[in-house]
Structures are given as structure tokens and as C-alpha cells.
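Structural features, examined
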Amino acid sequence: MKKYILGTLLVIASLGLSSIFFLNEGAGEGQQVGVDEKWLVPEGFSGCAVIRYNVEGADPLTINENNEFVYEVPRDRVIETSSPQDYGWVNEDHAGPFQISAYYVDEDGKITEEIPREDIGPGSNGTFVDADGTEYHHATQYFNADRSPFTKCPKIAQ
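Residues numbered from 1 in each chain as written. Predicted model: local features only at pLDDT ≥ 70, side-chain atom pairs only at ≥ 80, totals over all residues. Heavy atoms only, no water.

Let's talk about the sheet that holds strand E8 (residues 135-143)
The condition that has to hold: One requirement defines pairing of two strands: DSSP has to find at least two bridges between them. Segments assigned H or I by DSSP are reported as helices when at least four residues long, segments assigned E as strands when at least two residues long, and all are numbered from the N terminus. Axis lines are fitted through C-alpha atoms, for helices just across the contact stretch, and the angle between N-to-C directions can take any value from 0 to 180 degrees.
Read from one edge to the other, the open sheet built from 4 strands follows the order E4-E2-E8-E7, with strand pairing classed as mixed. The open sheet has two free edges, formed respectively by strand E4 (78-80) and strand E7 (120-129), since each of these has just one partner strand. Strand-to-strand twist of the sheet, defined as the mean angle between neighbouring strand axes without regard to direction, takes the value 20 degrees. Taken together, the 8 bridges between E7 and E8 define a ladder with antiparallel strand orientation. For Ser-124, the partnering residue across the bridge sits in E8 and is Thr-140.

Spelled out as C-alpha cells, the structure:
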């Protein structure tokens, strides 16, 4: 009986250590883990918000003390940043694990209500190349279950 209990404890310990290793893979000392996203959207907002990256003269993204980007969506639904699209990624090919949360805010920027997870639609990253060959890097994010392919996002190019 003692061997059975000892064997069971060893299996449980190994599984626990294995899960810690895999959850932290790529996050060794000195390496950055993926950044969480916190979206603050105007009350009543429904539809698509856009982040335009590499915008000259725009403020850079910052990562707060909770390892989050905080995106404040203006009424025109466009966030511009001088940061590159891969800022905060674990490496060149992988953004890393992140959690996304979203909140309604009033006109003073005060959080009034959390947006339920089922009302946070899909997001995407991409690059748009105009007729002149200029590249525009962007991300889009849908809110309030508005996942219709006919919902227009703001223009990607400036």
C-alpha cells in the first residue's frame, strides 16, 4: 500500500512540475512573456476598432505593471501608435499567451461595466499595402458580438 501511495504522489508531483515547465516555456530568465490586452471602449460601442502601428509622431504603446497593453478606444474607433506591430511579442514568430478583457467606460474614462467574454469578438493582425507599395501594419478587434463580415472597420491607411 505504501508503494502505491508513494507511486501516486510521484506521478502527481511529476505532472505538476511538467505543467509548470510547459506553461512557462519560452519565459526563462530575462525572456519576456506574452502581454495581456485590456480594452476600454466607449459605452454603447459595437463594432470594429483598429490599431494602426508605426505611425510617425504617435505615442508608443506601454506595458503597465500588470503586464497589459491598455487600449483606450476613441469614438472614431482608431488607435494610432508609433510602436511596431510585434511590440510585446515573445519572439518573431509568436506573440505568446495573453488574456483579453474589455470594459465600457464613460466620457470621463471611468470603467462602468465589464464586457462579457462572449461579446468580445475575433481580433486579427495584418498588413495592408497600398497602390504606391506603402505598408500599413494594423490590428482589428470586434466588440459586442458584432462578428458580421459586413461590419466595416475604419480605414487601415492613414
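A closer look at the environment of Gly-57
Stated formally: Under the scheme applied here, a residue whose accessible area is under 20% of the maximum for its type counts as buried, over 50% as exposed, and between as partly exposed, the area being computed with a 1.4 Å probe on protein chains only.
Counting through the fold element by element, Gly-57 comes out in the loop between strand E2 (47-52) and strand E3 (68-72). Taking the relative accessible area as the measure of exposure, Gly-57 reaches 79% and is therefore exposed. Note: C-alpha distance between Gly-57 and Glu-80 (23 residues apart in sequence) is 9.4 Å.

With respect to the nonpolar core
The cut-off we apply is this: The criterion is simple. A nonpolar core is a set of buried Ala, Val, Leu, Ile, Met, Phe, Trp, Tyr and Cys residues joined through side-chain atoms within 4.5 Å. It only takes one pair of heavy atoms within 4.5 Å for two residues to be counted as in contact.
If you look at the biggest cluster of nonpolar residues, it comprises 19 residues, and the most contacted ones within it are Trp-39, Val-41, Ile-51, Tyr-71, Val-73, Ile-115 and Phe-143. Here this core takes 3 residues from strand E5 (residues 100-105), the largest share from any one element. Beyond its immediate chain neighbours, meaning those up to four positions away, Phe-143 contacts Trp-39, Val-41, Phe-45, Ser-46, Gly-47, Ala-49, Ala-102, Ile-115, Asp-119, Ile-120 and Gly-121. Counting 5 residues, the second-largest nonpolar core is a separate cluster that includes Cys-48, Val-50, Tyr-136 and Ile-156.

Let's talk about the packing of aromatic side chains
To keep things clear, this is the line we draw: Pairing of aromatic rings covers Phe, Tyr and Trp, the last through its six-membered ring, and needs centres within 6.5 Å; plane angles under 30 degrees mean stacked, over 60 mean edge-to-face, and all others mean tilted. The criterion is that NZ of a Lys, or CZ of an Arg, lies within 6 Å of the ring centre and within 35 degrees of the ring normal, and then a charge sits over that ring.
For the coordinates displayed, the defined rule picks out 6 aromatic pairs. A ring pair is formed by Trp-39 and Tyr-71, whose centres lie 4.5 Å apart and whose planes are at 45 degrees; its orientation type is tilted. With Trp-39 in strand E1 (residues 36-42) and Tyr-71 in strand E3, this residue pair connects regions lying 32 residues apart in the sequence. Classification of Tyr-71 by relative accessible area gives buried; the value is 3%. By the ring-pair criterion, three or more aromatic residues cluster together here, those being Trp-39, Phe-45, Phe-69, Tyr-71, Tyr-87 and Phe-143. One cation-aromatic arrangement involves Lys-38 over Tyr-103; the distance from NZ or CZ to the ring centre is 5.5 Å.

So, the sheet that holds strand E6 (residues 111-114)
The sheet built from 4 strands is open, its strands ordered E3-E1-E5-E6 with mixed pairing. Two strands close off the open sheet at either side, each with one partner strand: E3 and E6. Between one strand axis and the next, the sheet turns through 25 degrees on average, direction left out of account. As paired strands, E1 and E5 are joined by 6 bridges and run parallel to one another. Its bridge partner being in E5, Pro-42 is matched across the sheet by Val-105.

A few points about the environment of Tyr-142
Structurally, the position occupied by Tyr-142 is in strand E8. Distance in space between the C-alpha atoms of Tyr-142 and Gly-123 is 6.3 Å, their sequence separation being 19 residues.

Description of the pairing of E2
Most of E2 is tucked away: 6 of the 6 residues are buried. Relative to E8, E2 runs antiparallel, the two sharing 6 bridges. Each bridged residue has a counterpart across the sheet, and for Ile-51 the counterpart in E8 is Ala-139. The pairing of E2 with E4 spans 3 bridges and is parallel. Across the sheet, the residue bridging to Ile-51 is Ile-79, located in E4.

Distances and angles like these do not, on their own, reveal function.
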